[in-house]
Amino acid sequence: QQRLAMDLRRRVERGSAILVAMAPSAIVSTIVGGTYEERSQALLGTVDLSTQELELPTHGLSNGMYLSHMAVAPLFRRQGLGRMLLNAAEAEAVQRGAEGIYLHVERVNAAAIHLYRTSGFARQPNTPIHASFTRALKLETRDPILMYKHVNKLSCAAT
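Keep in mind it's a predicted model, so treat the numbers as computed, not measured. (Residues numbered from 1 in each chain as written. Predicted model: local features only at pLDDT ≥ 70, side-chain atom pairs only at ≥ 80, totals over all residues. Heavy atoms only, no water.)

Peer 1: Quick question: what am I supposed to make of the pattern of salt bridges here?
Peer 2: Where charged atoms from two side chains of opposite charge approach closely, those side chains can pair. Tallying each qualifying case throughout the model produces four salt bridges. Note that K149 and E90 form a salt bridge whose closest N and O atoms lie 2.7 Å from each other. Here K149, found in strand β6 (residues 145-150), pairs with E90, found in helix α2 (residues 81-95); they are 59 residues apart in sequence, far enough to count as distant. An identical accessibility class is assigned to K149 and E90; each is buried. (Salt bridge = Lys/Arg side-chain N within 4 Å of Asp/Glu carboxyl O. Helix = DSSP H or I, 4+ residues; strand = E, 2+ residues; numbered from the N terminus. Buried < 20%, exposed > 50% of the residue type's maximum accessible area, 1.4 Å probe, protein only.)

Put into structure tokens, the structure is as follows:
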């Protein structure tokens, strides 16, 4: 957990917006790293929105943001939480002046592909610039689908 906390802190320091969905829950008592901890909120989902990936010098994509680490707790899937996280990410991108949002999705993740398509993301062609972006993120062995959505104040207001 310390490594994850350090990684998240580093990403935020570099400009990432780590968006989380929380909900009140009964106080849960857990032992974490040998210490007693009480939690009154449950983490339901997260998403990371950043420019770091688009700033890599190894490809030519720019003027957007990159959405990654989208996750919703299994018990809360198919209830609109993923769409709410996407809407929040889109609002953040608009606020930051981004032209659009890129993301990669595993080909076998049909539920995520459906969510992204119905939220306005479109599959990008496998052009050299898109392939170099995927390689720059070291994702080529997973053979993911690259998707993109143009964002503006009007599209954000409609969601």
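Peer 1: Even after reading the chapter, I still don't get the nonpolar core, so can you show me in this structure?
Peer 2: Looking at soluble globular proteins, one finds that nonpolar side chains tend to be buried together. By size, the foremost hydrophobic cluster in this structure holds 28 residues, and its most contacted members are L49, L67, V105 and Y116. Elements that contribute at least two residues to this core include exactly β1 (17-32), β2 (35-50), β3 (65-72), α2, β4 (100-105), α3 (110-118) and β6. The element best represented in this core is α2, accounting for six residues. Setting aside its immediate chain neighbours within four residues, Y116 contacts L67, M70, L86, L103, V105, F121 and M147. (Core = buried A, V, L, I, M, F, W, Y, C linked by side-chain atoms within 4.5 Å. Contact = heavy atoms within 4.5 Å.)

Peer 1: Looking at this structure, how should I read the packing of α2 against α3?
Peer 2: Two numbers describe a pair of packed helices, the interaxial angle and the distance between the axes. Where α2 meets α3, the axes come as close as 11 Å, and the angle between the chain directions of the two elements is 45°. By the angle between their axes, α2 is oblique relative to α3. Remark: the crossing between α2 and α3 carries right-handed chirality. Taken together, the residues of α3 that come into contact with α2 (itself represented by G82, R83 and L86) are L115, Y116 and T118. (Axes fitted to C-alpha atoms, helices over the stretch in contact; angles between N-to-C directions. Parallel < 35°, antiparallel > 145°, perpendicular 65-115°, else oblique. Left-handed = near helix turned anticlockwise from the far one by under 90°.)

Peer 1: How should the packing of aromatic side chains be read in this particular structure?
Peer 2: A ring pair, where both rings are aromatic, is described by two values, the distance of the centres and the angle of the planes. What the rule picks out here adds up to four aromatic pairs. When the ring of Y66 is compared with that of F133, the centres are 5.5 Å apart and the planes differ by 85°; the resulting orientation is edge-to-face. Taken as a pair, Y66 in strand β3 and F133 in helix α4 (residues 128-136) lie far apart in primary sequence, 67 residues in all. Classification of Y66 as buried rests on a relative accessible area of 5%. Among the aromatic residues, those joined into a ring-pair cluster are Y66, Y102, F133 and Y148. (Phe/Tyr/Trp six-rings, centres within 6.5 Å; stacked < 30°, edge-to-face > 60°.)

Peer 1: How do you make sense of the pairing of β6 when you look at a structure like this?
Peer 2: In regular strands, side chains alternate between the two faces of the sheet. For β6, the buried fraction is high: five of the six residues fall into the buried class. In this sheet, β6 lies alongside β4 in antiparallel orientation, the contact comprising six bridges. Across the sheet, the residue bridging to V105 is I145, located in β6. Bridging between strand β5 (residues 122-123) and β6 involves two bridges; their strand directions are antiparallel. Across the sheet, A122 pairs through a bridge with Y148, a residue of β6. (Pairing = 2+ DSSP bridges.)

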